[in-house]
Amino acid sequence: MNQKIIFFIDFNENSGLGHLKRCLKLNDVLKAKDTTFVSDKVFYSKKVKSIKSNINKFIKSNSKNYDIAVIDSYNINFNQQKKISIFSKKVIIIDDLCDRKFYCDYLINYNPLIDYKNYDGKISKRTTLLLGINYNFIVNSINTKNIKKV
């Protein structure tokens, strides 16, 4: 695909590599050619462009349009998600906390124990929930054989 994709991730000296690693993997799955990552810290990669920026500053100064915006951040709230949707055709959120409201087209939570009820009142009617192990784009089929619902 020749899509323009932007990722907003938690990546700084206080976070681990989880958000970065899963978004790099999702970028491979999406086969994006033009990818930008926005975070609190710059990283170097041959495949993607990395920008160090505060989310509010980036939203105010952005003049580009994107096909997809992926948000993998605990720090981007509902109103900021809504503003991101203005310059992105589709918004995908990767979530694993179920602790707030979301404004997106797709929400991915690949926890094998997650349930649709966890998102009651937290998403709009336009949001498609992609829940459970079938949406785990990180592990391969060998790893998933050992995961069982309780």
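Residues numbered from 1 in each chain as written. Predicted model: local features only at pLDDT ≥ 70, side-chain atom pairs only at ≥ 80, totals over all residues. Heavy atoms only, no water.

**Q** I keep staring at the sheet that holds strand E5 (residues 88-94) and nothing clicks. Help me out?
**A** Each strand in a sheet pairs with its neighbour through backbone hydrogen bonds, running either in the same direction (parallel) or in the opposite one (antiparallel). The sheet built from seven strands is open, its strands ordered E3-E2-E1-E4-E5-E6-E7 with parallel pairing. Because the sheet does not close on itself, it has two edges, and the strands there are strand E3 (49-52) and strand E7 (128-131). For this sheet the average axis-to-axis angle between neighbouring strands, irrespective of direction, equals 20°. Where strand E6 (residues 106-109) meets E7, four bridges bridge the pair, whose relative direction is parallel. Across the sheet, the residue bridging to leucine 107 is leucine 129, located in E7. (Pairing = 2+ DSSP bridges. Helix = DSSP H or I, 4+ residues; strand = E, 2+ residues; numbered from the N terminus. Axes fitted to C-alpha atoms, helices over the stretch in contact; angles between N-to-C directions.)

**Q** Sorry, what's going on with the confidence of the model for the protein chain here?
**A** When pLDDT is low, close inspection of the predicted coordinates is not appropriate. Here the protein chain shows a mean pLDDT of 90. Residues at 70 or above account for 92%. This stretch, residues 141-150, has a pLDDT under 50; its non-local contacts, to residues over four places away or in other chains, come to nine contacts. (pLDDT = per-residue confidence, 0-100. Contact = heavy atoms within 4.5 Å.)

**Q** Before we go on, may I ask you to explain the packing of aromatic side chains in this structure?
**A** Aromatic ring pairs are defined here through the distance separating the ring centres and the angle between the ring planes. Under the counting rule described, the total for this entry stands at nine aromatic pairs. Relative to phenylalanine 43, the ring of phenylalanine 37 lies with its centre 5.4 Å away and its plane at 85°, an arrangement referred to as edge-to-face. An identical accessibility class is assigned to phenylalanine 37 and phenylalanine 43; each is buried. Measuring from ring centre to ring centre gives 6.3 Å for phenylalanine 58 and phenylalanine 87, while their planes differ by 65°; the resulting arrangement is edge-to-face. Within this pair, whereas phenylalanine 58 is found in helix H2 (residues 55-61), its partner phenylalanine 87 is found in the loop between helix H3 (78-86) and E5, the two being separated by 29 residues in sequence. Pair check on accessibility: phenylalanine 58 and phenylalanine 87 agree, each one buried. (Phe/Tyr/Trp six-rings, centres within 6.5 Å; stacked < 30°, edge-to-face > 60°. Buried < 20%, exposed > 50% of the residue type's maximum accessible area, 1.4 Å probe, protein only.)

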